[in-house]
Amino acid sequence: MSSPPPVHAWDEPEGIAPRGTLVVLPGRGEHSGVYERFGRRLAADGYRVRALTDPSPDPTTVTDEAAKLLRDETLPGPRVLVGSDTGALYAASLAARGTPGLDALILAGLPTAPHALAAATDWEAELDQRTACPTHRGRLTSDVSFRRGALTDPAPAELPALDGISVPVLALHGADDSVSPLPEAARAYRALPGVELVSLAGTRHDALNDLTHRTAAATIVLFLERLRLFPDLAPIAVREDLA
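The structure presented is a predicted model; accordingly, all values stated were derived computationally and were not measured.

Trainee: I would appreciate a short explanation of the packing of aromatic side chains in the present structure.
Mentor: How two aromatic rings sit relative to each other is given by the distance of their centres and the angle of their planes. Taken as a whole and assessed by the stated rule, the structure comprises two aromatic pairs. Measuring from centroid to centroid gives 6.5 Å for Y35 and F38, while their planes differ by 90°, and the two rings are edge-to-face. We note that Y35, like F38, is buried. Geometry around W123 places R148 over its ring, the cationic atom sitting 4.1 Å from the centre.

Structure representation (C-alpha cells):
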C-alpha cells in the first residue's frame, strides 16, 4: 500500500476563530506547495487549508487522503473540497460518490476532454498556457519539484457524473483558458443544476494562480461566507438599484 501523501497546512492567525476547512487537490505536475499563496490568503480570512499533491500518478492514495481529511471532525466545518485542473475531476468524483464530511465543492479550470494536449514547444509555451502572473511563472520556473510537461498528460478517461453531485458548487474558469476553453467548460457545467460558474477575465488555465488570483480568492471567500450562513447560498453583499 502506498504511504499517505504529504499535506501542506495553513491555519488561521492566532486569536482568530476558524471558519471552515479547504482541502485542495492540485492539477497535473503540481504539488501542495504550489498553493502556498492561495493557502496563506484563505488562512488569513480564518479558513484552514490542507493541500495535497497531484492525484494523477496515484489517484487512490491521494483521494483516500482527501476523503480522510473531509471526515476529520477536528477540522472545522464547513469542509470544502477544492480541485484545480485534473484535481477538479477527482474532486468532482469524490462529490458524486457522496463522500462523507463534504459540504461544498470548488472547481477551477475543469478539463473538458480526456485527450492530451499537443506538446508545448518549450517551457515558455507551457507557462503561457498555465498563467500570465509573473510571480507564479517565476515560482514554477524555479520549482524543482514541479513536473514540467505534465499538462500534456491525458486527463482521466471520462468526466465524472456532475449531475450526481448534491452539494453546492462554485466553478472558477479563466476566460482565456486555451487548455479547457470556457465555452466547453460551460457546456459541461450545464449538467450540474445550481452550479455557480464565474469566469475570470484575462485568466488562463491556472485559475487560482493567475493575474486574478486575488479576485479568485475573494470570490471563494464570498462563497464560503454564504455557505456558512445560508443553506440556500443567499447573497450577503447585494448591489442595490438606485434608479
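Trainee: Looking at this structure, how should I read the environment of L192?
Mentor: By the secondary structure assignment, L192 is in the loop between α6 (182–189) and β7 (196–200). Sequence-wise, L192 and V23 are 169 residues apart; in three dimensions their C-alpha atoms are separated by 21 Å. With residues up to four places along the chain from it excluded, the contact list for L192 reads L162, I165 and V169.

Trainee: Before we go on, may I ask you to explain the side chain of D85 in this structure?
Mentor: With respect to the helices and strands, D85 occurs in the loop between β4 (79–84) and α3 (86–96). One polar contact links D85 to R28, side chain to side chain, over a distance of 2.6 Å.

Trainee: Help me out: how do you make sense of unusual backbone geometry in this one?
Mentor: Working note: non-glycine residues mostly have negative phi, and peptide bonds are mostly trans. Put simply, G77 and P78 share a cis peptide bond, and its omega is 0°. Tracing the chain through its elements places P78 in the loop between α2 (59–71) and β4. Positive phi values are uncommon outside glycine, yet D85 reaches one of about 55°. A positive phi angle, close to 55°, is found at L233, a residue other than glycine. On the secondary structure map, L233 appears in the segment after α7 (213–229). Overall, the relative accessible area of 11% leaves L233 in the buried class.

Calculation criteria
All chains use their own residue numbering, which begins from 1 and follows the written sequence. Only residues with pLDDT of at least 70 are given local features in this predicted model, and only at 80 or more are side-chain atom pairs given and counted; all residues enter the totals for whole chains, interfaces and linings. Water and hydrogen atoms play no part in the side-chain values, which are based on all heavy atoms of the structure. Two aromatic rings from Phe, Tyr or Trp, using only the six-membered ring of Trp, form a pair when their centres are within 6.5 Å; if the ring planes differ by under 30 degrees the pair is stacked, by over 60 it is edge-to-face, and anything between is tilted. Exposed residues in this analysis have more than 50% of their type's maximum accessible area, buried residues have under 20%, and partly exposed residues fall in between, with area computed by a 1.4 Å probe over protein chains only. Look at NZ for Lys and CZ for Arg. If either is within 6 Å of the ring centre and within 35 degrees of the ring normal, a charge sits over the ring. Helix and strand definitions follow DSSP, with helices as H or I runs of at least four residues and strands as E runs of at least two, each counted in order from the N terminus. Note on contacts: a residue pair is in contact if any heavy atoms of the two residues lie within 4.5 Å. By the criterion applied in these results, polar contacts are pairs of N or O atoms within 3.5 Å in which, for protein atoms, one can donate a hydrogen and the other can accept it, and in which residues neighboring in sequence qualify only through two side-chain atoms.

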